[in-house]
Amino acid sequence: GNCLDVCSLAIKCGVSSCRLPIVTSLRNDRKEPGAVGQKKKMGEELSIEGDARRAIPPPGSEDCPLIVTVTKVPQPPSTTKAKPKNKKTLSVLDCTALEETC
C-alpha cells in the first residue's frame, strides 16, 4: 500500500468510531415587539441528550469509501491466448514495492 491508502483507512476508522449525541429540535413561539405593533417570531431550542451510551454514529459512516491502489501490469505471454498485438493487462490491488516494479 501507500500513504494515501493508510490515510483513507485512518479516516474510515476515525469516522466509524465517532459518536454523536442525540439532538432534538424544540420549536418555541414567542412574540416580540416590532415597529408597527406585535410580530410573531419562531424561535428554536435544541435538546441535547447527555447520556454517552445513547450516542449514535454519524449518518453514512458505514458507507464511508476506502481508497485502494490498483496497478495495471501487462499479462505474461504464457498465460494469454490472444495474438501478440492484443496485449492484455492484469489489475493488482494494493501492490507491494516489488510488485510495482513489474
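Use the structure listed above.
Criteria and thresholds
- Residues numbered from 1 in each chain as written.
- Predicted model: local features only at pLDDT ≥ 70, side-chain atom pairs only at ≥ 80, totals over all residues.
- Heavy atoms only, no water.
- Helix = DSSP H or I, 4+ residues; strand = E, 2+ residues; numbered from the N terminus.
- Buried < 20%, exposed > 50% of the residue type's maximum accessible area, 1.4 Å probe, protein only.
- Contact = heavy atoms within 4.5 Å.
- Areas by Shrake-Rupley, 256 points an atom, 1.4 Å probe, with all protein chains shown as cover.
- Salt bridge = Lys/Arg side-chain N within 4 Å of Asp/Glu carboxyl O.
- Disulfide = S-S within 2.5 Å.

A. Broad picture of the overall build of the protein chain. The number of helices and strands found in the protein chain is 2 helices and 4 strands. Mapped in sequence order, the helices and strands of the protein chain form the string α-β-β-β-β-α. Going through the 102 residues of the protein chain one by one, you find that 10% of them count as buried. For the protein chain, long-range pairs separated by at least 24 residues make up 46% of all intrachain contacts whose partners lie at least 6 apart in sequence. Accessible surface, the protein chain: about 8600 Å² in total, of which carbon and sulfur atoms supply 60%.

B. The pattern of salt bridges, seen in detail. Under the counting rule described, the total for this entry stands at 2 salt bridges. As a salt-bridge pair, Glu49 and Arg54 come within 3.5 Å of each other at their nearest N and O atoms. Assessed through its relative accessible area of 29%, Glu49 is described here as partly exposed. Under the relative-accessibility criterion, Arg54 is labelled partly exposed at 46%. Ionic pairing is found between Asp51 and Arg53, a salt bridge with its closest N-O pair at 3.1 Å.

C. The arrangement of the state of the cysteines in detail. Under the defined criterion, the tally for this structure stands at 0 disulfides. Between Cys3, a cysteine without a disulfide, and Cys7, which holds the nearest cysteine sulfur, the sulfur-to-sulfur distance is 4.1 Å. Among the residues examined, Cys7 registers a relative accessible area of 38% and is labelled partly exposed.

D. The environment of Ser25, seen in detail. Structurally, the position occupied by Ser25 is in strand 1 (residues 23–34). Along the primary structure Ser25 and Glu45 are separated by 20 residues, whereas in three dimensions their C-alpha atoms are 6.0 Å apart. The residues touching Ser25, leaving out its near neighbours within four places in the chain, are Glu44, Glu45 and Leu46.

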